[in-house]
Amino acid sequence: MSRSLLRTAVAAALSIAALSPALATSNPPAGSVAINYNRCDGNYNNWGLHIFQRGPGGPAVPGVSWASPVEPSGKNDFGVYWHVKLEDFPGGKVNYIIHKGETKDQGGKDMQFDGNTTKEIWVNSGDRKIYTSLDEAKKGREETPCK
């Protein structure tokens, strides 16, 4: 292959990768966990993550308030995701609520998972379950399809 053709092929591959959210990763950096979130309508505007310490009703992680939730870290082919630092949660228990104003997802309940053993979770809108793999989340969506 000529150098010119090789350069063109590499440039095309890089431009596709840059434009394709399916190639974005939600793998959390060291010391962090990832929360992946999927909505049937694909509309993530104003949906945020409220994170708090020490279980339901505990104080918010410093810098986070109900009116100013954590913005998504990125978007991938599943939906949006957040990376949060595990050190913000005493004992590694990650406490969160995905919400848009007063509308809470996952049955409106405070949610928790152990970030010491689970580094990444997947959440389907309208489903109370926390999935620990993308395959489980996809199966969960098949059981409760989008309307």
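Let me begin by describing the structure that accompanies this report. Computed from a predicted model, the values in this text were never measured in an experiment.

## Focus on the pairing of strand 2 (residues 48-52)
In terms of burial, strand 2 is largely enclosed, as five of its five residues are buried. Side-chain alternation along strand 2 places Gly-48, His-50 and Phe-52 on one buried face and Leu-49 and Ile-51 on a second face that is also buried. In terms of strand pairing, strand 2 meets strand 5 (residues 93-100) through five bridges, oriented antiparallel. Residue pairing across strands places Gly-48 opposite His-99, the latter belonging to strand 5.

## Brief notes about the nonpolar core
In terms of nonpolar packing, the biggest core is built from 22 residues, with Ile-35, Tyr-37, Leu-49, Ile-51, Trp-82, Tyr-96 and Ile-98 touching the most fellow members. Breaking this core down by element, the ones donating at least two residues are strand 1 (32-38), strand 2, strand 4 (80-85), strand 5, strand 7 (111-114) and strand 8 (120-124). The residues contacting Trp-82, other than those within four sequence positions of it, are Val-33, Ala-34, Ile-35, Tyr-37, Trp-47, Gly-48, Leu-49, Val-70, Glu-71, Pro-72, Ser-73 and Ile-98.

## Quick word on the state of the cysteines
Tallied over the entire structure, the rule returns one disulfide. Note on cysteine connectivity: Cys-40 is disulfide-linked to Cys-146, with sulfurs 2.0 Å apart. Of note, the bridge from Cys-40 to Cys-146 carries an S-S torsion of about -80° and is left-handed in sense. In this pair, Cys-40 sits in the loop between strand 1 and strand 2 while Cys-146 sits in the segment after helix 2 (134-143), placing the two residues 106 residues apart along the sequence.

## What about the pairing of strand 7?
The two faces of strand 7 differ: Met-111 and Phe-113 on one face are buried, but Gln-112 and Asp-114 on the other face are not. One ladder, built from four bridges, connects strand 5 with strand 7; its direction is antiparallel. Bridge pairing in strand 7 places Asn-95 opposite Gln-112.

Conventions adopted
Residues numbered from 1 in each chain as written. Predicted model: local features only at pLDDT ≥ 70, side-chain atom pairs only at ≥ 80, totals over all residues. Heavy atoms only, no water. Buried < 20%, exposed > 50% of the residue type's maximum accessible area, 1.4 Å probe, protein only. Helix = DSSP H or I, 4+ residues; strand = E, 2+ residues; numbered from the N terminus. Pairing = 2+ DSSP bridges. Core = buried A, V, L, I, M, F, W, Y, C linked by side-chain atoms within 4.5 Å. Contact = heavy atoms within 4.5 Å. Disulfide = S-S within 2.5 Å.

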